[in-house]
Amino acid sequence: AQSVSQHNHHVILSEAASLELGCNYSYGGTVNLFWYVQYPGQHLQLLLKYFSGDPLVKGIKGFEAEFIKSKFSFNLRKPSVQWSDTAEYFCAAWGTYKYIFGTGTRLKVLA
Amino acid sequence: NAGVTQTPKFRVLKTGQSMTLLCAQDMNHEYMYWYRQDPGMGLRLIHYSVGEGTTAKGEVPDGYNVSRLKKQNFLLGLESAAPSQTSVYFCASSYSAGTNYGYTFGSGTRLTVV
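Residues numbered from 1 in each chain as written. Chains lettered and ligands numbered in written order. Predicted model: local features only at pLDDT ≥ 70, side-chain atom pairs only at ≥ 80, totals over all residues. Heavy atoms only, no water.

Undergrad: Explain unusual backbone geometry to me, please; I cannot follow it from the model alone.
TA: One can expect most non-glycine residues to show negative phi and most peptide bonds to be in trans. The omega torsion of the bond from B:Thr7 to B:Pro8 falls at -10 degrees, within 30 degrees of zero and hence cis. Structurally, B:Pro8 is set in the loop between β1 (4-7) and β2 (10-13). Positive phi, normally seen in glycine, also occurs at A:Ala16, with a value near 80 degrees. Of note, A:Ala16 is situated in the loop between β2 (10-14) and β3 (19-21). (Helix = DSSP H or I, 4+ residues; strand = E, 2+ residues; numbered from the N terminus.)

Undergrad: What is the right way to look at the environment of B:Val66 in this model?
TA: All names here are of chain B. Examined against the element boundaries, Val-66 turns out to sit in strand β7 (residues 64-67). In the structure, Val-66 is positioned twelve residues away from Leu-78 in sequence and 9.0 Å away in space, judged by C-alpha atoms. Not counting residues within four places of it along the chain, the set of residues in contact with Val-66 comprises Trp-34, His-47, Thr-55, Phe-74, Leu-75 and Leu-76. (Contact = heavy atoms within 4.5 Å.)

Undergrad: Help me understand the interface of chain B and chain A, please; the structure alone is not making it clear to me.
TA: Interface size is commonly expressed as the accessible surface area that is lost when the partners come together. The interface of chain B with chain A comprises 20 residues on the first partner and 18 residues on the second. In total, about 1600 Å² of surface goes out of reach between chain B and chain A, with carbon and sulfur atoms giving 63% of it. Run the count over chain B and chain A and you get zero salt bridges. On the surface where chain B and chain A come into contact, there are four residue pairs in polar contact (both at pLDDT 80 or more). The set of elements that each furnish at least two residues to the side of chain B that touches chain A consists of β4 (31-38) and β5 (42-49) of chain B. A class-by-class count of the residues in the side of chain B that touches chain A yields twelve nonpolar, eight polar and no charged. (Buried area = accessible area lost by both parts, 1.4 Å probe. Salt bridge = Lys/Arg side-chain N within 4 Å of Asp/Glu carboxyl O. Polar contact = N/O pair within 3.5 Å; in protein donor to acceptor, adjacent residues only side chain to side chain. Nonpolar A, V, L, I, M, F, W, Y, C, P; charged D, E, K, R; others polar.)

No statement about biological role is implied by the geometric values presented.
Okay, here's the thing in structure tokens:
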């Protein structure tokens, strides 16, 4: 069965620290992967997406993710986080007709 | 502004009561979805629709029913609410099954069942 797992449930960082959030997927077919962000009290917004080609994908707000097929991973990175990055981050894979979401990682950035 | 609108935004129900959540989109999207979001469990798909007049079950359909009589609307019904249905409900829509489009999410409905 298709699944997406996120290992870090809660992450606390200081401003300017580097961020890496893990995401692993299991899916036998063509993989399309996404990262969504949910700011406090808001709905999910698309950060970035990978369909094919360059495995390093750049998204909005300085985020990037790297697709590593051999590791079934799609980790999210940001070189220097800001207080405004405090949010919950969801990794997702496209299954048949719908997304499969990971359980989310809550990021808190301390000013 | 174009997008996905959910009503109501907040609701408190007593156990056993019924209610309907409305999701409306004005983007001519074919696909619509209802998710529930619970702490530590991420988003779980309740039901979805791939077009007007069609619906399908997701991961956690029990206790919910849906209807898609018009392309722009996707209704989620709770016939007899239970405390386990306390959650935040998100509706989403997508132009097609193609992944190029992604989802557009509504702002959510916070439901408490007491």
